[in-house]
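Here are the chains, one letter per residue:
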Amino acid sequence: MTWEEFVAANIPDAMATAVTVQQYTGSGAYGDTYADAIDLTPCVIEDVRRAVVVQTVDAYGSEHLSSSTVFAPLNPEIKPGSLAVIPWRSRPARIIAVARLLAPGLALPEHQELSLE
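Model, not experiment: these values are computed from the prediction. Each chain has its residues counted from 1, following the order in which its sequence is written. Reporting in this predicted model follows two pLDDT cut-offs: at least 70 for local features of residues, and 80 or more for side-chain atom pairs to be given and counted; totals over whole chains, interfaces and linings ignore these cut-offs and use all residues. Hydrogen atoms and water are omitted, and side-chain values are computed over all heavy atoms in the structure.

**Here we look at the overall build of the chain**
Consideration 1: Starting at the N terminus, helices and strands are each numbered in turn, a helix being any DSSP run of H or I of at least four residues and a strand any DSSP run of E of at least two. In terms of regular secondary structure, the chain is built from one helix and ten strands.
Consideration 2: For the chain, the succession of helices and strands along the chain, N to C, is α-β-β-β-β-β-β-β-β-β-β.
Consideration 3: For the radius of gyration, the atom set is restricted to C-alpha positions; the globular benchmark scales as 2.2 Å times the number of residues to the power 0.38. Relative to the compact-globule value of 13 Å for 117 residues, the chain shows a C-alpha radius of gyration of 15 Å, a close match.
Consideration 4: Principal-axis analysis of the C-alpha atoms gives the chain an extent of 45 × 35 × 25 Å.
Consideration 5: Throughout, a residue-residue contact means that at least one pair of heavy atoms, one from each residue, lies within 4.5 Å. The long-range fraction of contacts in the chain, counting pairs at least 24 apart against all pairs at least 6 apart in sequence, stands at 52%.
Consideration 6: Where the 7 positive side-chain charges of the chain centre and where its 14 negative ones centre are 7 Å apart. His is not counted, nor are the chain ends, whereas Lys and Arg count as positive and Asp and Glu as negative. Here the site of a charge means NZ on Lys, CZ on Arg, CG on Asp, or CD on Glu.

**Some words on the sheet that holds strand β7 (residues 68-72)**
Consideration 1: Taken together, six strands build a closed barrel; the order of strands is β1-β4-β7-β10-β9-β8 and the barrel is antiparallel. Each strand axis lies, on average, 45° off the axis of its neighbour in the sheet, ignoring direction.
Consideration 2: Summarising the sheet, strand β8 (residues 83-85) and strand β9 (residues 93-101) pair through two bridges and their orientation is antiparallel. For A84, the partnering residue across the bridge sits in β9 and is A93. Two strands qualify as a pair provided that DSSP identifies no fewer than 2 bridges between them. Fitted lines through C-alpha atoms give the axes, limited to the stretch in contact for helices. The angle between two N-to-C directions lies from 0 to 180 degrees.

**Structural notes on the pattern of salt bridges**
Consideration 1: Take a side-chain nitrogen of Lys or Arg and a carboxyl oxygen of Asp or Glu: if they are within 4 Å of each other, that pair is a salt bridge. By the definition in use, this model includes three salt bridges.
Consideration 2: Notably, a salt bridge pairs E117 with R94, separated by 2.9 Å at the nearest N-O pair. Of this pair, E117 sits in the segment after β10 (111-116) while R94 sits in strand β9, placing them 23 residues apart in sequence.

**Some details on the pairing of strand β3 (residues 31-34)**
Consideration 1: Across four bridges, the pairing between strand β2 (residues 24-28) and β3 is antiparallel. By the bridge assignment, S27 is partnered in β3 with D32.

The values are spatial; any link to function lies outside them.
Here's what the structure looks like:
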């Protein structure tokens, strides 16, 4: 079962939405750079604050507070540092962590989980 089939069968239409993402492409002399905006759909958004441990160069990582989690299709692969705009917010939020969930043999389809700042 694909992510799209799972959402269509299990999530009410009012809960499935599109999220606009600008992929982080790097940093230059004038700051961070981003690719053109794309729409990820269908997405399910959970507006819950939670602590997220972000991988850093040392062994400890750092802890950030995530305001929302977006469950999205596996493709395209989103990178941490990218910007996301969810429908009910006017400003973009930075994606602080990305988890790719591969669940072979389980009823849950493959998808990615984006933790927003």
